[in-house]
Amino acid sequence: MNLVSVGFFLGIVGLTLIVTYIAAKRTSSASDFYTAGGGLKGWQNGFAIAGDYLSAAAFLGVSGAIALTGFDGFFFSVGYVVANLVLLYVIAEPMRNLGRYTLADMLTARFNEKRIRGVAATGTIIIVILYMIAQLVGAGALIKLLFGIEYWVAVLIVGVMMTTYVLFGGMTATSWVQIIKAGLLLFGTGLLATLVLMKFDFSLVKMFDTISSDHGDKFLVPGMKYSSSIDSVSMMMALVLGTSGLPHILMRFFTVKDAKTARASISWTTWITAIFFSLTIFLGFGAMHFVGLDKIIAESKAGNTAAPLLAEFLGGDVLMSFICAVAFATILAVVSGLVLTGASAISHDIYGEIIKNGKLTEKQQVLAARTGSISIAIVSIILALFAQSLNVSFLVSFAFCIGASANLPVILYTIYWKKFNSTGAVTAMVTGLVSCLVLGAMGPNVWSPVEGAAIFVGNPLVPLAVPAIITIPLGFIAGYLGSVLSTNKVSQAEADRIYKEIRVKANTGVSVSDISH
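Residues numbered from 1 in each chain as written. Predicted model: local features only at pLDDT ≥ 70, side-chain atom pairs only at ≥ 80, totals over all residues. Heavy atoms only, no water.

Caption draft 1: Region of interest: the overall build of the chain. Regarding its fold elements, the chain presents 20 helices and two strands. Expected size for 517 residues packed as a compact globule is a radius of gyration near 24 Å; at 23 Å, the chain falls within 12% of this value. Over its C-alpha atoms, taken along the principal directions, the chain stretches across nearly 70 × 50 × 40 Å. Across the 517 residues in the chain, those meeting the buried criterion constitute 58%. (Helix = DSSP H or I, 4+ residues; strand = E, 2+ residues; numbered from the N terminus. Rg over C-alpha atoms; globule rule 2.2 N^0.38 Å. Buried < 20%, exposed > 50% of the residue type's maximum accessible area, 1.4 Å probe, protein only.)

Caption draft 2: How the structure looks around a nonpolar patch on the surface. Together, Trp152, Leu156, Ile374, Ile378, Ile382, Leu385 and Phe386 make up a nonpolar patch on the protein surface, roughly 680 Å² of accessible area in all. Mapped onto the nonpolar patch, the elements with two or more residues apiece are helix H8 (151-199) and helix H15 (362-386). The greatest single-element share of the nonpolar patch, amounting to five residues, is contributed by H15. Judged by relative accessible area, Ile382 falls into the partly exposed class, the value being 43%. (Patch = residues over 30% accessible without salt bridge, like charges linked within 9 Å, V, L, I, M, F, W, Y side chains within 5 Å. Areas by Shrake-Rupley, 256 points an atom, 1.4 Å probe, with all protein chains shown as cover. Salt bridge = Lys/Arg side-chain N within 4 Å of Asp/Glu carboxyl O.)

Caption draft 3: Here's a closer look at the side chain of Ser435. Here Ser435 lies in helix H17 (residues 422-441). What makes Ser435 buried here is its relative accessible area of 10%. With sequence-adjacent residues up to four places away left out, Ser435 is seen in contact with Gly440, Thr471 and Leu474. (Contact = heavy atoms within 4.5 Å.)

Caption draft 4: Structural context of the packing of aromatic side chains. Scanning the model with the defined rule gives 20 aromatic pairs in all. On the numbers, 6.2 Å between centres and 40° between planes, the contact of Phe47 with Trp268 is tilted. Separated by 221 residues along the polypeptide, Phe47 in helix H3 (residues 42-53) and Trp268 in helix H12 (residues 259-291) bring together distant segments of the chain. Ring geometry for Trp417 versus Tyr480: centroids 5.6 Å apart, planes at 20°, classification stacked. Note that Trp417 is positioned in the loop between helix H16 (394-416) and H17 and Tyr480 in helix H18 (residues 468-484), a separation of 63 residues in sequence. With a relative accessible area of 43%, Tyr480 lands in the partly exposed category. One aromatic cluster is present, built from ring pairs that chain together Phe111, Tyr413, Trp417, Phe420, Phe476 and Tyr480. (Phe/Tyr/Trp six-rings, centres within 6.5 Å; stacked < 30°, edge-to-face > 60°.)

Caption draft 5: Layout of the state of the cysteines. The full count for this structure, using the stated rule, is zero disulfides. In this model Cys436 remains outside any disulfide bridge; the closest cysteine sulfur is found in Cys401, 3.4 Å from its own. For Cys436, a relative accessible area of 0% puts it in the buried group. (Disulfide = S-S within 2.5 Å.)

Caption draft 6: The arrangement of the pattern of salt bridges in detail. As enumerated under the stated definition, the model contains seven salt bridges in all. Residues Glu93 and Arg263 are paired through a salt bridge, measuring 2.6 Å at the closest nitrogen-oxygen approach. You can see Glu93 sitting in helix H5 (residues 71-98) and its partner Arg263 sitting in helix H12, a full 170 residues away along the chain. Accessibility expressed as a relative area gives 21% for Glu93, which makes it partly exposed. You can call Arg263 partly exposed: its relative accessible area is 31%. In this structure, Glu501 engages Arg497 in a salt bridge whose closest nitrogen and oxygen atoms are separated by 3.5 Å. Taken together, the residues Glu501 and Arg497, both in helix H19 (residues 492-508) and four residues apart, mark about one turn of the helix. By sharing partners, the salt bridges in this structure join Asp105, Arg117 and Asp349 into a single network.

Caption draft 7: Region of the structure containing H8. In this model, H8 (49 residues) spans only 36 Å end to end at C-alpha, well below the 72 Å of a helix rising 1.5 Å per residue. The largest bend along H8 measures about 130° and falls at Gly169. Positioned one or two residues after H8, Asp201 has a phi angle of 60°, which is positive. (Expected span 1.5 Å × (residues − 1). Bend = angle between axes of the 7 residues up to and from the residue.)

Caption draft 8: Local environment of the packing of helix H14 (residues 306-355) against H15. The geometry of H14 relative to H15 is characterised by a closest axis approach of 8 Å and an angle of 125° between their N-to-C directions. Classed by the angle they form, the pair H14 and H15 counts as oblique. Remark: the crossing between H14 and H15 carries right-handed chirality. Contacts between H14 and H15 involve Val339, Gly342, Ala343, Ile346, Ser347 and Tyr351 from the first element and Ala368, Ala369, Gly372, Ser373, Ser375 and Ile376 from the second. Grouping the amino acids of the contact of H14 with H15 by side-chain chemistry returns seven nonpolar, five polar and no charged. (Axes fitted to C-alpha atoms, helices over the stretch in contact; angles between N-to-C directions. Parallel < 35°, antiparallel > 145°, perpendicular 65-115°, else oblique. Left-handed = near helix turned anticlockwise from the far one by under 90°. Nonpolar A, V, L, I, M, F, W, Y, C, P; charged D, E, K, R; others polar.)

Caption draft 9: Region of interest: H14. Here H14 is 50 residues long, yet its end C-alpha atoms lie only 48 Å apart, well below the 74 Å a rise of 1.5 Å per residue gives. At Gly315, H14 shows its maximal kink, close to 140°. Burial analysis of H14 places 38 of its 50 residues in the buried class, which makes it a mostly covered element. Positive phi shows up at Asn357, right after H14, with a value of about 55°.

Caption draft 10: Here's a closer look at the packing of H3 against H8. Running from N to C, H3 and H8 point in directions that differ by 75°, and their axes come no closer than 8 Å. Between H3 and H8, the interaxial angle falls into the category roughly perpendicular. Here Trp43, Gln44, Phe47, Ala48, Gly51 and Asp52 of H3 lie close against H8, whose contacting residues are Ser175, Trp176, Gln178, Ile179, Lys181, Ala182 and Leu186.

Caption draft 11: Layout of unusual backbone geometry. At Phe202, a position not held by glycine, the phi torsion is positive, near 55°. One can find Phe202 in the loop between H8 and helix H9 (204-215). Judged by relative accessible area, Phe202 falls into the exposed class, the value being 54%. Positive phi is not limited to glycine here, since Asn357 has a value of about 55°. The residue Asn357 is located in the loop between H14 and H15 in this model. Overall, the relative accessible area of 43% leaves Asn357 in the partly exposed class.

What follows is the structure, encoded as structure tokens:
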């Protein structure tokens, strides 16, 4: 066991626990627990949203993908950054003005029906669990690699820590853990990128020429991984549009005081993610050249250890230990945000609003929120324990696919389509969710003729790794057909009144009833 690694890990854990202790003193109401009382500044929320983006899949996965597949690995980076523009110009302001704690709150601002809240909460829980399994498996493998402890012990350690952050500190603690993690990640990737560039005399031309001459031009052009243009487009659609439907990202717009601050948050996020993903180019190509593809693949077939191995080459055990500790902080921060999002769906949407009809005292709301946090954490930990031997990296892209197919159509229709109704909302969410799960279960991530390449051995019925190019249109079409064919229609006058109020509130944050008074 490396004492330097232990020191870095204990330092990060200690810092985050101090943050949680301070935050716990400020977390007494449901608003404090779910949204940090709406008191985060634009830059703070921007760093926190960036922290949600920059998961282990982004840090370890993207740099590894670039090392193994060159330009095609950079597709992920482009998708993540462009996704911010959709959030900035289409989603951020209406979401902040219409919502309270969750996505379901925003939808029920127009359609005050329990079935809509129930379906939205179910989708949120499924997305959260898919995302969390991938993160917990990655955390378990990372700790097992560094400290030599059993996988199940490593997963339990991460599970207990993430639950501690949420249970006591709520959104305030989770946000500051994300902010600290985002800062550490930017510093770590910036340091590695600088050291790589130093090896090439700080010349981009020299770096690309070296890669081209030593490894071939194929790494600098598209086509190594995504030989099918349809597969490439489908993946990009999931990444660009899916972010606007991820519940743990949307929940962050409720942590600021107004729509202007929500827009400022995304501006900060865009710059942070653009800088970070630009740096992953140097990490990926640096690992490819200095570490070597054979060694990277020997450690991880998916290339997830490319960044730590590059750190070991450039700075020895000390730098590798620091990068691994940052990766661990990355996982802890992301899973904490996911636990909080899942807890909000269970405790606020299902228990508080559906079962108890919103009739809970402030104390009961906080107790329900903490109970929900423990519940979602236990389920995720159990599933992660059984997923140790599976390649679960695809689950993150599936979460994006569900967000784009089930949530985004409903969000856009709710805000911008006058004739949209509650039947259309339920139809869109159910269709988007079910189509993603069914087509995904028949795809190459689950079935492969090569043993060990997927969960099951066999030929996939659907050739798309991420079926977003099919499921996103299905979600929009289902929402349209459900609305126009529905027999459950309110009077035209009532529908016009509700839509008018939604449009006014979405753009100003003030309801029509407030204006009339």
